[in-house]
Amino acid sequence: MFGVTPYAVYRLHQGNWIVGFTDTFLVLGTSFAVFYAWRTGNTVRPGQFLAIIYSLGGFLVTIKLGINGLFWLYCLVLFNFFVVPPLQSLIATLTTLVAVCVYGWMRPQDIFESHYQMMSFVVTYLMASLFAFVFAYRGRVQRVQLALLATLDPLTGIGNRRTMDEELDIAIADSQRYGMSFGLLVLDLDHFKSVNDRYGHSVGDQVLVDFVRVIKSASRASDRVFRLGGEEFVLLVPKVDKAGLAGAAQHVQRSVANQLRSPGGPVTVSIGGCVLGDHENRDDWLRDADICLYQAKDAGRNCTVIKGLDKPLA
Ligand SMILES: Nc1nc2c(ncn2[C@@H]2O[C@H](COP(=O)(O)OP(=O)(O)OP(=O)(O)O)[C@@H](O)[C@H]2O)c(=O)[nH]1
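Residues numbered from 1 in each chain as written. Predicted model: local features only at pLDDT ≥ 70, side-chain atom pairs only at ≥ 80, totals over all residues.

Under an unreviewed UniProt entry, the name given to the protein is diguanylate cyclase, and the source organism is Halopseudomonas sabulinigri. According to the UniProt record, the Catalytic activity (unreviewed entry) comment for the protein is "2 GTP = 3',3'-c-di-GMP + 2 diphosphate". (UniProt positions renumbered as here; feature names shortened; annotations may be inferred.)

Here it is in C-alpha cells:
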C-alpha cells in the first residue's frame, strides 16, 4: 500500500489515468481488505480479494506501461504467495502470465520488444513463481506440523494440556450460554512408577498408549480425552449429571482393570470427577476433580470418587 500510493499520485499528476486509477483502486482495495480482516478476524477472503485485484492491476499496468510495468509483476508473484495459499497463488500468478503473454503476442511492441524478450520474461517469471511456490508450500507444511506439535501429545496422539484448556473453556461457555451440562474425570494409573522401574520406560510408554485405547473404546464418541501430563489423563463428558458421570467413570475403570496389562499383570486406574455445576472457571473445576482423585487413591486405588456422591465406587 505504501509502495503503490506515491505511484498513484504520480501517475494521476502525469495524466496517465488508467494506471493512476488502477493504482488508486489497489490502495483503496488494500485499505478495505485490511479493515475487513481487522474487524472480522477473517484473513482468507481479504487475501483472495487482494490476490485478484493485484493480479488484475498488474496486468493493466503492464499493458499501459509496457516493459516498465513488467518489473512490477515480480513483486506480484511474491505478494500473491504472501496473501493466499500456494495453489491459489500459483493460479493467480499463472493467469496473469498467460494474459500478459497473449496480449503481448497479439499486439507486438506494446509490451515486449521481441519474442526473445518475451521468452526471457516467461522463463524468469516462471522460475520466480516456482521458487515462491516451493518456499510457500514448505512454510505451510511446517506451520501445520507446528500446530500439531503444539496441540497433540506425541506419545498417544491425543490432545495435550493446551488443547484441554481450550476445550474446557468452550464447555464452560456452552454451559453458561446454552445450559449444557458437562462432567470431568481425572484418571491416574495406579503404581505406574513400578511398571517403569521394573520393565523400563518403553514398556511404560506402551502401557500409556494402550491405556488411551481402552479409555476411547470404553467412552462415547462425544467424550474427549486429553493427556494432562505423565500418567494423568482427563476425560470430558458432555450431557451428564452426577450419576451419569459416575456410570461413565466406573465403565472406564472396569474396562481398564479387565483389559490393560503390563508384563507384571493387570494395571488399574483411579478416577476422580465432578460435574461442571457452578464452577466458573476450569482451574476450580479441575482442582475439585483432582481432590476426588486423591480421595480415590487414599481409598485404596482402582476406584472412583465423584464429588457429591457419598462413597468411593469400586
Ligand atoms: N513410560 C513413561 N513414564 C512416564 C511418562 N510420564 C511420566 N511417567 C512416569 O510415571 C510415573 C508416575 O509415578 P507416580 O507419580 O509416583 O505415580 P504412581 O507410581 O502411578 O503411583 P500412584 O499414582 O500413587 O498410584 C513416574 O515414574 C514417571 O516417570 C511417560 O511419558 N512415559
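(A) Spatial organisation of the overall build of the protein. If you tally the helices and strands in the protein, you get 11 helices and 7 strands. Its C-alpha atoms give the protein a radius of gyration of 31 Å, more than 25% over the compact-globule value 20 Å for 314 residues. Along the first, second and third principal axes, the C-alpha set of the protein runs to 90 × 45 × 25 Å. Per-residue burial for the protein yields a buried fraction of 32% across its 314 residues. Excluding contacts between residues fewer than 6 apart, the proportion of contacts in the protein whose partners are at least 24 apart in sequence is 62%. (Helix = DSSP H or I, 4+ residues; strand = E, 2+ residues; numbered from the N terminus. Rg over C-alpha atoms; globule rule 2.2 N^0.38 Å. Buried ≥ 20, exposed ≤ 12 C-beta atoms within 10 Å, placed from the backbone. Contact = placed C-beta atoms within 7 Å.)

(B) Spatial organisation of the site of the ligand. Taken together, 16 residues lie near the ligand, and Asp 190, Phe 192, Lys 193, Gly 204 and Gly 230 sit nearest. Of all the elements in the fold, those that place two or more residues in the shell around the ligand are β1 (182-189), α8 (192-199) and α9 (201-218). At 4 residues, the largest contribution of residues to the shell around the ligand is made by α9. Grouping the amino acids of the shell around the ligand by side-chain chemistry returns 4 nonpolar, 5 polar and 7 charged. (Near = placed C-beta within 6 Å. Nonpolar A, V, L, I, M, F, W, Y, C, P; charged D, E, K, R; others polar.)

(C) Here's a closer look at unusual backbone geometry. Residues other than glycine seldom take positive phi values, yet Lys 239 does so here, at roughly 55°. Mapped onto the secondary structure, Lys 239 falls in the loop between β3 (232-238) and α10 (242-259). Here Asn 302, not a glycine, exhibits a phi torsion of approximately 50°, which is positive. Inspection of the secondary structure assignment puts Asn 302 in the loop between α11 (282-298) and β7 (304-306).

(D) View of the packing of α8 against α9. Remark: α8 packs on α9, axes separated minimally by 6 Å, with the N-to-C direction vectors making an angle of 140°. As far as their axial angle goes, α9 and α8 are oblique. In this structure, α8 uses Phe 192, Val 195, Asn 196 and Tyr 199 to contact α9, whose residues at the interface are His 201, Val 203, Gly 204 and Val 207. Residue composition of the contact of α8 with α9, by class: 5 nonpolar, 3 polar and no charged. (Axes fitted to C-alpha atoms, helices over the stretch in contact; angles between N-to-C directions. Parallel < 35°, antiparallel > 145°, perpendicular 65-115°, else oblique.)

(E) Molecular detail of helix α5 (residues 86-106). Relative to the 30 Å expected for 21 residues at 1.5 Å per residue, α5 spans 30 Å between its end C-alpha atoms, a close match to the ideal helical length. The set of residues buried in α5 consists of Ser 89, Leu 90, Ala 92, Thr 93, Thr 96, Leu 97, Val 100 and Gly 104. Residues of α5 that are buried sit in contact with α3 (44-65), α4 (67-83) and α6 (115-151). (Expected span 1.5 Å × (residues − 1).)

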